[in-house]
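Working through the structure, step by step
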Amino acid sequence: MDARSNRAGGIMSVQRPTTEVETAVQLRVPRGEAGSLQDGVRAVLASIDAVRQVTVHDIGTVRPDAFDLYVDATARVELAAENPAMTLADGFGVVTVDRCEVR
């Protein structure tokens, strides 16, 4: 862990090291959001607290329902978590994590 002090405010900030993973996930992307489907996938993954950066590589199957689009996607994700697969799986809108490989 990397600890840095904020001398002006005397506040201590702890930054968790990040891990980069290649993942295949199934997500619920809300309908009616502005932007592309790729933007929607990126937004769902980026909304997870531990996630620092998302690059969507591929959009697979898309299954619509009344409120959401169920999307199979692959992405490279940088996140600060001890267990990246579990952290992604616990994210709102994530249905399943089919693959999560550390890079």
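Our structure is the block above this text.
Residues numbered from 1 in each chain as written. Predicted model: local features only at pLDDT ≥ 70, side-chain atom pairs only at ≥ 80, totals over all residues. Heavy atoms only, no water.

Turning our attention to the pattern of salt bridges. Under the criterion given, the structure shown has 7 salt bridges. Between Arg76 and Glu20 there is a salt bridge, with the nearest N and O atoms lying 3.2 Å from each other. Here Arg76, found in strand S5 (residues 68-79), pairs with Glu20, found in strand S3 (residues 19-30); they are 56 residues apart in sequence, far enough to count as distant. With relative accessibility at 31%, the residue Glu20 sits in the partly exposed group. The salt bridge partner of Glu101 is Arg99, with a shortest N-O separation of 3.7 Å. Glu101 gets classed as partly exposed once you look at its relative accessible area, which sits at 35%. Relative accessible area serves as the criterion here: at 29%, Arg99 is assigned to the partly exposed category. (Salt bridge = Lys/Arg side-chain N within 4 Å of Asp/Glu carboxyl O. Helix = DSSP H or I, 4+ residues; strand = E, 2+ residues; numbered from the N terminus. Buried < 20%, exposed > 50% of the residue type's maximum accessible area, 1.4 Å probe, protein only.)

Spatially, the 4 strands line up as an open sheet ordered S4-S5-S3-S6, and their pairing is antiparallel. Because the sheet does not close on itself, it has two edges, and the strands there are strand S4 (51-64) and strand S6 (94-102). Sheet twist, expressed as the average angle between the axes of neighbouring strands with direction ignored, equals 20°. When S4 meets S5, the two strands line up antiparallel, connected through 10 bridges. If you follow Arg63 over to S5, its bridge partner there is Tyr70. Strand contacts of helix H1 (residues 37-46): S3, S4, S5 and S6, with the helix running at about 130° to S4, the strand carrying the most contacts. (Pairing = 2+ DSSP bridges. Axes fitted to C-alpha atoms, helices over the stretch in contact; angles between N-to-C directions. Contact = heavy atoms within 4.5 Å.)

We now examine the pairing of S5. Pairing geometry for S3 and S5, over 12 bridges, is antiparallel. Looking at the pairing, Val25 lines up with Ala73 of S5. From the end of S4 to the start of S5, which pair antiparallel, there are 3 residues.

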